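Coordinate inspection notes
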Amino acid sequence: MGNAPATPAARRFPPWLLIAVGAAVIAATYLYLVVWRPESLVGGAGVGPAALIALVGYLLGSVLIIAGAMVRMPTSTVTLLPIAIAINIVAGQINNMVGLPLYLDSIGTVLVGVLAGPAAGAATGALSNVIWGISISPASLPFSTTQVVIGLLAGLFARYGWTRRILTAVIAGAVTGVAAAVVSGPISAFVFGGANASAGRSAIVAIFQALGIDTLGAAILQGLTVDPLDKAIAFLVAIVILRALPMRFSQRFPFARTHSVFSPRTRSVLRGGARPAEGEGVLASPDPRSQGAGATRGDARDADGPAEGGRS
């Protein structure tokens, strides 16, 4: 598979540098919000220069990660991006309209992360929220950072074999949800005052605030309540979809082939590995000497004439 052509900016800056700078910008913005807690954001009012810095910092970091990841992305992955982005936006928008206390906007991100790796998953998640924010829901824009984390972790869990079984995939989703909650909490609290696009999630924040918890704490606790379940569902749905597709589909993606994201690795008998158990479907290489002996006996029978059963 070919790779997407590099842009002039990518030729000047290596992809890893763009991704590293983007991650650094996101981390600096996060620390600015959580550690410093600027006065203009305390109390949950998402106004003032600090809110603008938060919005720009998260978006800039996401854009840099997208630029770095897209440079060397295989064509097979690029063609999958529109489908994954559409899944994220449609499912997330329907969830917000219904008012469920979930998100359901990261299934496509997990799909790409599992098939194509952490960088591709991060780029897919960030692109989803940028496109969603520009076209339908502006509130989705700053949460592109959360999608970066989800795509990154989906790829890492797939790389280390957590997607080979349904149970471990669900556990990986729950762990990803915890990370997503920690990252998205400050965005919800400081940029939007704890408000959510879903009535169900906003109600959970209101409950925690009624218990005397500040806006940041309520936003993070809301995420810890909802995100693990939501991301476990996202991982489960993504893995079920991918397993239902023909194996040749996943084999189109170099990352999925290299790391055997859906089946455990097997050591080849021809390379000196352990011999597989009977019935595993791995055939040993035939012995050339036995082939030669069989051929010699067959030639001798042919020379003697037809088999006895064929005589008149």
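As the structure is a computational prediction, the values presented were derived from the model and not from experiment. (Residues numbered from 1 in each chain as written. Predicted model: local features only at pLDDT ≥ 70, side-chain atom pairs only at ≥ 80, totals over all residues. Heavy atoms only, no water.)

In this section: the packing of helix H7 (residues 144–159) against helix H8 (residues 166–192). The geometry of H7 relative to H8 is characterised by a closest axis approach of 9 Å and an angle of 160° between their N-to-C directions. On the basis of the axis angle, H7 is roughly antiparallel to H8. As for the relative orientation of H7 and H8, their crossing is right-handed in sense. Where H7 approaches H8, its residues Thr145, Thr146, Val149, Ile150, Leu153 and Phe157 are matched on the opposing element by Ala172, Val175, Thr176, Ala179, Ala180, Val183, Ser184 and Ile187. Of the residues assigned to the contact of H7 with H8, the class counts are ten nonpolar, four polar and no charged. (Axes fitted to C-alpha atoms, helices over the stretch in contact; angles between N-to-C directions. Helix = DSSP H or I, 4+ residues; strand = E, 2+ residues; numbered from the N terminus. Parallel < 35°, antiparallel > 145°, perpendicular 65-115°, else oblique. Left-handed = near helix turned anticlockwise from the far one by under 90°. Contact = heavy atoms within 4.5 Å. Nonpolar A, V, L, I, M, F, W, Y, C, P; charged D, E, K, R; others polar.)

Time to look at the packing of aromatic side chains. All told, the structure shown has three aromatic pairs when counted by the stated rule. Summarising the aromatic geometry, the rings of Phe249 and Phe253 are spaced 5.5 Å apart at their centres and angled 70° between planes, so their arrangement reads as edge-to-face. Using a relative accessible area of 22% as the deciding quantity, one classes Phe249 as partly exposed. (Phe/Tyr/Trp six-rings, centres within 6.5 Å; stacked < 30°, edge-to-face > 60°. Buried < 20%, exposed > 50% of the residue type's maximum accessible area, 1.4 Å probe, protein only.)

So, on to unusual backbone geometry. Non-glycine residue Leu104 carries a positive phi angle of around 55°. Position of Leu104 relative to the elements: it lies in the loop between helix H4 (75–98) and helix H5 (107–116). Positive phi outside glycine occurs at Ser260, with the angle close to 45°. Along the polypeptide, Ser260 turns up in the loop between helix H12 (254–259) and helix H13 (288–304). On the basis of relative accessible area, Ser260 is assigned to the buried category, the value being 16%.

It is worth spelling out a nonpolar patch on the surface at this point. Taken together, the side chains of Leu152, Leu156, Tyr160, Trp162, Leu167, Ile171 and Val175 make up a nonpolar region of the molecular surface, amounting to roughly 650 Å² of accessible area. Listing elements by their share of the nonpolar patch, those giving two or more residues are H7 and H8. If one sorts the elements of the nonpolar patch by residue count, H8 sits on top with three residues. Within the fold, Leu156 resides in helix H7. (Patch = residues over 30% accessible without salt bridge, like charges linked within 9 Å, V, L, I, M, F, W, Y side chains within 5 Å. Areas by Shrake-Rupley, 256 points an atom, 1.4 Å probe, with all protein chains shown as cover. Salt bridge = Lys/Arg side-chain N within 4 Å of Asp/Glu carboxyl O.)

Glancing now at the confidence of the model for the protein. Summarising the model, the protein shows a mean pLDDT of 81, and 76% of its residues fall at 70 or more. Mean pLDDT per element in the protein: H13 is the minimum at 47, and H5 is the maximum at 97. Considering only residues more than four positions removed or in separate chains, one finds that residues 41–45, a stretch of pLDDT under 50, has 14 contacts. Predicted confidence for residues 266–312 stays below pLDDT 50, and this span has eleven contacts to residues more than four positions away or in other chains. (pLDDT = per-residue confidence, 0-100.)

Per the counting criterion, the structure on display carries two salt bridges. Note that Lys231 and Asp227 form a salt bridge whose closest N and O atoms lie 2.5 Å from each other. With Lys231 and Asp227 both in helix H10 (residues 215–244) and four residues apart, the pair spans about one turn of that helix. Under the relative-accessibility criterion, Asp227 is labelled buried at 2%. Notably, a salt bridge pairs Asp230 with Lys231, separated by 2.8 Å at the nearest N-O pair. The exposure classification of Asp230 matches that of Lys231, with both residues buried. One continuous salt-bridge network, built from bridges that share partners, spans Asp227, Asp230 and Lys231.

For any two helices packed against each other, the geometry comes down to the angle between their axes and how far apart the axes lie. The contact between helix H9 (residues 199–210) and H10 brings their axes to 8 Å, and the two run at 130°. Classed by the angle they form, the pair H9 and H10 counts as oblique. Of the two possible hands of crossing, H9 and H10 adopt the one that is right-handed. Together, Arg201, Ile204, Val205, Phe208 and Gln209 of H9 and Thr215, Ala218, Leu221, Gln222, Thr225 and Val226 of H10 make up the contact between the two elements. A breakdown of the residues in the contact of H9 with H10 according to their chemical character gives six nonpolar, four polar and one charged.

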